[in-house]
Amino acid sequence: MPARIFPLFRALLHHAFARTSLIRGLSLLLWVGVLTHRALAQGTDVARYNPVADPAATVLAGHARFTVLTPQLIRMEWSAENRFEDRPSLVFLNRRMPVPAFEQRIERGVLHLHTASVDLTYDTRSRDAFTAANLQIKLRVANRIVTWRPGDSSSGNLMGTTRTLDNAVGEKTLEPMEQGLISRDGWALVDDSARPLFDADDFTFAKGEKSPWPWVIARSPGAALDWYFFAYGHAYRQALGDFVQVAGRIPLPPRFAFGSWWSRYWAYSDEDLKTLVHSFQQNTTPLDVLVVDMDWHKTVGRLAGERDQSGHLLGWSGYTWDNLLFPHPAELLDDLHREGVKVTLNLHEASGIQPWEEAYPNMAKALKIDPETRHYVPANFTDKRFTDAAMEFVHHPLEKQGVDFWWLDWQQESTTGIANLNPTWWLNYVHFTDQQREGKRPLLFHRWGGLGNHRYQIGFSGDTYSTWDSLAFQPWFTATAANVGYAYWSHDIGGHIPGEVDPELYTRWVQFGVLSPILRTHTTKAADGERRPWAYPEPYSDIMRGSYRWRLSIEPYLYTEARKTYDTGVAFLHPLYYDWPEESAAYNTRNEYVFGSSLIAAPIVKPIDPESKLASQTVWIPPGEWIETSTGTRLQGPTQVERSFSLDQTPLYAAAGAIIPMQPEMQATGQLPVDPLIATIYPLQQSQRSSYTLYEDGGNAEAYQHGECAWTGIQARQMGDDLTVEFVPARGTYPGMLQERRLRVVLPADWPPTSVTVNGAPLDAASEHDATGWHYDGDTLSTIATTRAYPVSEDVVIVFHRESGMLRQRALLNGFPGSIARLKAALGLLNASWPAALPPNVLIEAAQTGDRIGYRPASAKSELISFWDRYREAQASVEELRKKASLTDSQLIDHVAVPGDMEKIRKSLPLFRTGVIEATALLKDGQPAGDNAVLSHGSKGKPAE
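For clarity, every value in this text was computed on a predicted model and none was experimentally measured.

**Examining the sheet that holds strand β6 (residues 118-123)**
Phase 1 of the analysis: Strand order in the open sheet made by the five strands is β4-β5-β6-β7-β8, with antiparallel pairing throughout. Taken across any chain shown, the strands that pair with only one partner, and hence form the sheet edges, are β4 (103-107) and β8 (144-148). Averaged over neighbouring strand pairs, the angle between their axes works out to 15° when direction is ignored.
Phase 2 of the analysis: Bridge count for strand β5 (residues 110-114) against β6 is five bridges, and the pairing is antiparallel. Bridging from a neighbouring strand, Leu-113 pairs with Leu-120 of β6.

See below:
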């Protein structure tokens, strides 16, 4: 343990047991362990990688060298000349791992190498490269022994990702999906034999722009193999955790990246962009990043000819502002920054520096080209001279004007001057590490370049089609990329081609976007390529704008989960099988994924039913109890259920006791402090304890790798009918850290309290949402309690006291918020058909149940006892109206219509007919489920009898 950690460790131990509560002391001791682990990890994060393995971990045998990196990860090299490689490859940077326990012996010329996880045998007498005849590995996978030999195919490989979704038709990608690092077979093989190397291993860039810049070199010629064998069975998390130990961590993006991004291929002017930003503000739609496509620079319309000197389309590449659209770019960027908006510009770096570029004279001189010749400077980013000059004379001046990061849209070429060096991979490395050398927390927007690109994110998935098939593929595609550590795919929300998109499809795409790593719209250059949420008719506009606001509200959760991604190597959006590797459904449910440590998402990717206006969705519920966040329905897994969702609902499930840290509504990241800090806590079971540790830092620097950050524990425990929520003092610090703030606890889908205390003092009821005190939202059955400001260095304990025996009566609550939503939607449909009909009074009464509870929380039990009968009466009354929908117009007017203007009545009859049919379907879907018990095994949306 580094010496600098000991004082912290001792201080925390003293604090833990100087308390009166043993339980609290034990929980703080656990926290000490977490902090110590993180501190130890931080101690290695900023050290240079060491590509040379500990000699004690290596075994030389014949023409082979084996390196035991972990008990499950073996490097296997073969060289005809017995020359083995110790320099870092583009993927594997750090082979100096703690030496695991292993045994080796040679019997009759055969090497036997044994670790806790694998048995490797190799015939040292063989002069051939690795073959099935001279090499084999045995490992245990799910209680069975598996034998691997060279040449074996891995039919169970769980796949990784692919370079781009350009022109993909659903799951039919132009380029095949690459293999992942994990497999149901229990093993995966990475062939590093042909991959280029780095000429140095110091990636700390401690001297800033004067730091040595590790550069690519080709491998030495000669017959050789360089393999990495991953033998992790179904311990997928461990496999990825060890991968980032040897291949580098997944970096933490700046906090603003988790807000919303606007992108559209369009020739915007500076005034257009400022107007667009103000429109986001006027329509209460958050905005963090403006992605400006290629028209920021001079394009074909401003230049003469069809091709540039490199042979590419004229104006496709460019580095000089179009001064007709942007006469004062630096001032524009300053204006946008004052609005809290970051800016990235599009680059196609295939054409080099053409003679019309402002940077051409300096670039030409740097590359020994006479500027008078007007000969272009070819793009060659594997040439360090060219790259150094391009950064100095082209990119950095634009960054000093205010460009925050780059969108590398370059993909015209497939090769470089160095064998097996993918140009996309290398450009990602160059631009990302250039920002590191500048002292920034890097952010890059580009396509996947291949294994190892997990270090240089985020990903641009390319120009997709605006179809349901495209949307349906993206949840699986995004989650599966975690299998190679690629945690941050960004998709064109709404699709790219042809531009126009159906409002329902766009709404569902936005809903998936807010449950994605990055939320970014885009479309091709088309007049009908509308992507502004508020430009769509209702209800689409309101739903999308609400989705954007919800996305920014969960930024504390997203940012914490992103920090966990950095710490563990496990992307926070990942497949279900990471957590339930022995459940077949976890592999077969392609549209569903884990979204952070507490949530599961299954976005809707198909149209609603035209009659019911609901979309059905088959959802797999993992083991344990889960709460459907949009309806308050509790489901017990493992089971598969058939659920239905309206346009404003997304299938999102919280584990029982889940704690989701949130922040108040704001227009952009950092516009306001996270004050109050909001903790949404889903119902705990009896005697259950849950916890969550919130991560915070300055948001936009690499100091987090040096320990400049804070962790705040949030704990909850259900004892009898009382729920205790504790905010543990923050550990750590960073510049700009809040010293005090209010706290807010939201308890959805549960009984109201009879009283609330904060540190033993009563918290009064409050009528205003943002006021100190507590109130109850009857529609969602949510208690909302807000405290005064407390120093972040203090314990704050909030206790919610409930009436005795209420925990045992939670069955009455099950699904109530969803049923209320269906009642209100049905009521709205019938109100819209006036004067053709009036909604039945019993429907109004049932729909108002939550409202009455909100005013009088003490009435919740009596209201809910009678609610389900009232619901059925409302449903029956609407069914009676439904039967009359088949009557003729005259009969309807006589039996249903409200007396009045006959012309208005006749015009409203079609609305009544469609509305009552939809209302009937809605109420059928929202009807109480049997005895309201928890939905259980084998259910199809109904409770077990």
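**Things to note about the sheet that holds strand β2 (residues 64-70)**
Whether parallel or antiparallel, the strands of a sheet pair through hydrogen bonds between backbone atoms.
Phase 1 of the analysis: The five strands are arranged β1-β2-β3-β12-β9 in an open sheet whose pairing can be described as antiparallel. In this open sheet, the two edge strands, each paired with only one partner strand, are β1 (58-61) and β9 (188-191). Taking each pair of neighbouring strands and ignoring which way they run, the sheet shows an average axis angle of 20°.
Phase 2 of the analysis: Where β9 lies against strand β12 (residues 224-230), four bridges are found, and the strand directions are antiparallel. Its bridge partner being in β12, Leu-189 is matched across the sheet by Phe-229.

**Considering the environment of Arg-744**
Phase 1 of the analysis: Locating Arg-744 in the fold gives a position in strand β34 (residues 743-747).
Phase 2 of the analysis: On a C-alpha basis, the gap between Arg-744 and Pro-176 in space is 48 Å, while along the polypeptide they are 568 residues apart.
Phase 3 of the analysis: Every residue in contact with Arg-744, bar those within four places of it in the chain, is listed here: Pro-676, Leu-677, Ile-678, Ala-679, His-769, Asp-770, Ile-784, Ala-785 and Thr-786.
Phase 4 of the analysis: Looking at Arg-744, its side chain comes within polar contact range of the side chain of Thr-786, at 2.8 Å.

**Remarks on the UniProt feature "domain: Glycosyl hydrolase family 31 C-terminal" (unreviewed entry) in the protein chain**
Phase 1 of the analysis: The feature "domain: Glycosyl hydrolase family 31 C-terminal" (unreviewed entry), as given by UniProt, occupies residues 570-660 in the numbering adopted here.
Phase 2 of the analysis: Here residues 570-660 is 5% helix and 45% strand, with 19 Å between the C-alpha atoms at its ends.

**Describing the side chain of Arg-520**
Phase 1 of the analysis: When you line up the elements, Arg-520 lands in strand β20 (residues 519-520).
Phase 2 of the analysis: A polar side-chain atom of Arg-520 sits 3.2 Å from the main-chain carbonyl oxygen of His-491.
Phase 3 of the analysis: Reaching out from Arg-520, the side chain makes a polar contact with the side chain of Asp-492 at a distance of 2.8 Å.
Phase 4 of the analysis: Not counting residues up to four positions away in its chain, the partners in contact with Arg-520 are Trp-261, Ser-263, Val-291, Phe-445, Phe-460, Ser-490, His-491, Asp-492 and Ile-493.

**Concerning the domain arrangement of the protein chain**
Phase 1 of the analysis: One can read the domain layout of the protein chain as domain 1 (55-152 + 188-230), domain 2 (255-532), domain 3 (673-812) and domain 4 (815-925).
Phase 2 of the analysis: The centre of domain 1, based on its C-alpha atoms, is set 69 Å off from the matching centre of domain 4.

**Section: the nonpolar core**
Phase 1 of the analysis: Phe-230, Trp-261, Phe-595, Phe-727 and Leu-823 are the most contacted members of the largest nonpolar core, which has 178 residues in total.
Phase 2 of the analysis: Non-local contacts of Phe-230, meaning those with residues more than four positions away in its chain, are made with Gln-72, Leu-73, Phe-92, Leu-181, Gly-186, Trp-187, Ala-188, Val-190, Ala-239 and Phe-243.
Phase 3 of the analysis: Membership of the second largest hydrophobic core comes to 60 residues, among which are Trp-296, Met-363, Trp-426 and Tyr-456.

**Some points on the pattern of salt bridges**
Phase 1 of the analysis: Enumeration over the complete set of coordinates arrives at 43 salt bridges.
Phase 2 of the analysis: A salt bridge links Glu-77 to Arg-65; the nearest nitrogen and oxygen atoms lie 2.7 Å apart. In this pair, Glu-77 sits in strand β3 (residues 73-79) while Arg-65 sits in strand β2, placing the two residues twelve residues apart along the sequence. Assigned by exposure class, Glu-77 and Arg-65 land together as buried.
Phase 3 of the analysis: Arg-163 is the partner of Glu-175 in a salt bridge, and the nearest nitrogen-oxygen pair spans 2.6 Å. One end of the pair, Glu-175, is in the loop between β8 and β9; the other, Arg-163, is in the loop between β8 and β9, and twelve residues separate them in sequence.
Phase 4 of the analysis: Given the relative accessible area of 28%, Glu-175 is considered partly exposed.

**With respect to the pairing of strand β27 (residues 659-662)**
Phase 1 of the analysis: Side chains Ile-659 and Pro-661 project from β27 onto one buried face, and the interleaved Ile-660 and Met-662 project onto a second face that is buried too.
Phase 2 of the analysis: Pairing analysis gives four bridges linking β27 to strand β28 (residues 677-681), with the strands arranged antiparallel. Bridged to Met-662 within β28 is Ile-678.

**Examining the packing of aromatic side chains**
Phase 1 of the analysis: The final tally for this structure, using the stated rule, is 61 aromatic pairs.
Phase 2 of the analysis: Ring geometry for Trp-213 against Trp-215: centres 5.2 Å apart, planes inclined by 75°, an arrangement best described as edge-to-face.
Phase 3 of the analysis: Looking at Trp-213, the relative accessible area reads 5%, which means it is buried.
Phase 4 of the analysis: By way of ring pairs, the aromatic residues Tyr-49, Phe-198, Phe-203, Trp-213, Trp-215, Trp-425, Trp-426, Tyr-429, Phe-432 and Tyr-456 are connected into one cluster.
Phase 5 of the analysis: Taking the ring centre of Trp-266 as reference, the NZ or CZ of Arg-264 above it sits at 4.2 Å.

**Side note on helix α19 (residues 902-925)**
Phase 1 of the analysis: Under the 1.5 Å per step criterion, the end-to-end length of α19 is 34 Å for 24 residues, consistent within 8% with the ideal 34 Å.
Phase 2 of the analysis: Taken together, the buried positions of α19 are occupied by Ile-905, Ser-908, Leu-909, Phe-912, Gly-915, Val-916, Glu-918, Ala-919, Thr-920, Ala-921, Leu-922 and Leu-923.

**Some thoughts on the pairing of strand β7 (residues 135-141)**
Phase 1 of the analysis: Burial within β7 is extensive, with five of its seven residues counted as buried.
Phase 2 of the analysis: Alignment of β6 against β7, held across five bridges, turns out to be antiparallel. Considered in β7, the bridge of Thr-121 is made with Gln-136.
Phase 3 of the analysis: Summarising the sheet, β7 and β8 pair through five bridges and their orientation is antiparallel. By the bridge assignment for β8, Arg-140 is matched with Ile-145.
Phase 4 of the analysis: Connecting β7 to the next strand, β8, in antiparallel fashion are two residues, including Ala-142 with a positive phi near 50°.

**A closer look at helix α7 (residues 384-401)**
Phase 1 of the analysis: Taking 1.5 Å as the rise per residue, α7 with 18 residues should run 26 Å; its terminal C-alpha atoms sit 24 Å apart, in good agreement.
Phase 2 of the analysis: Residue Met-391 marks the point of greatest curvature in α7, where the axis turns by about 40°.
Phase 3 of the analysis: For α7, the set of buried residues is Phe-386, Thr-387, Ala-389, Ala-390, Met-391, Val-394, His-395, His-396, Leu-398 and Glu-399.
Phase 4 of the analysis: Of the surrounding elements, those touching the buried residues of α7 are β15 (342-347), α6 (360-366), β16 (405-408) and α8 (423-437).

**With respect to the confidence of the model for the protein chain**
Phase 1 of the analysis: Confidence along the protein chain averages 91 in pLDDT terms, with 93% of residues attaining 70 or more.
Phase 2 of the analysis: Predicted confidence for residues 1-44 stays below pLDDT 50, and this span has 52 contacts to residues more than four positions away or in other chains.
Phase 3 of the analysis: Taken as a whole, residues 930-945 scores under 50 in pLDDT and shows 44 contacts with residues more than four places along the chain or in a different chain.

**Comments concerning the side chain of Arg-441**
Phase 1 of the analysis: Mapping Arg-441 onto the fold places it in the loop between α8 and β17 (444-446).
Phase 2 of the analysis: Since its relative accessible area comes to 4%, Arg-441 is described here as buried.
Phase 3 of the analysis: There is a polar contact of 3.0 Å between the side chain of Arg-441 and the backbone oxygen of Pro-253.
Phase 4 of the analysis: A distance of 2.7 Å separates polar atoms of two side chains, one belonging to Arg-441 and the other to Tyr-559.
Phase 5 of the analysis: Apart from residues lying up to four places away in sequence, Arg-441 is in contact with Leu-252, Pro-253, Pro-254, Arg-255, Gln-435, Tyr-559, Asp-697, Gly-699, Asn-700, Ala-701, Glu-702 and Tyr-704.

Conventions and cut-offs
Residues numbered from 1 in each chain as written. Predicted model: local features only at pLDDT ≥ 70, side-chain atom pairs only at ≥ 80, totals over all residues. Heavy atoms only, no water. Pairing = 2+ DSSP bridges. Helix = DSSP H or I, 4+ residues; strand = E, 2+ residues; numbered from the N terminus. Axes fitted to C-alpha atoms, helices over the stretch in contact; angles between N-to-C directions. Contact = heavy atoms within 4.5 Å. Polar contact = N/O pair within 3.5 Å; in protein donor to acceptor, adjacent residues only side chain to side chain. UniProt positions renumbered as here; feature names shortened; annotations may be inferred. Domains from an automatic or database assignment. Core = buried A, V, L, I, M, F, W, Y, C linked by side-chain atoms within 4.5 Å. Buried < 20%, exposed > 50% of the residue type's maximum accessible area, 1.4 Å probe, protein only. Salt bridge = Lys/Arg side-chain N within 4 Å of Asp/Glu carboxyl O. Phe/Tyr/Trp six-rings, centres within 6.5 Å; stacked < 30°, edge-to-face > 60°. Lys NZ or Arg CZ within 6 Å of the ring centre and 35° of its normal. Expected span 1.5 Å × (residues − 1). Bend = angle between axes of the 7 residues up to and from the residue. pLDDT = per-residue confidence, 0-100.

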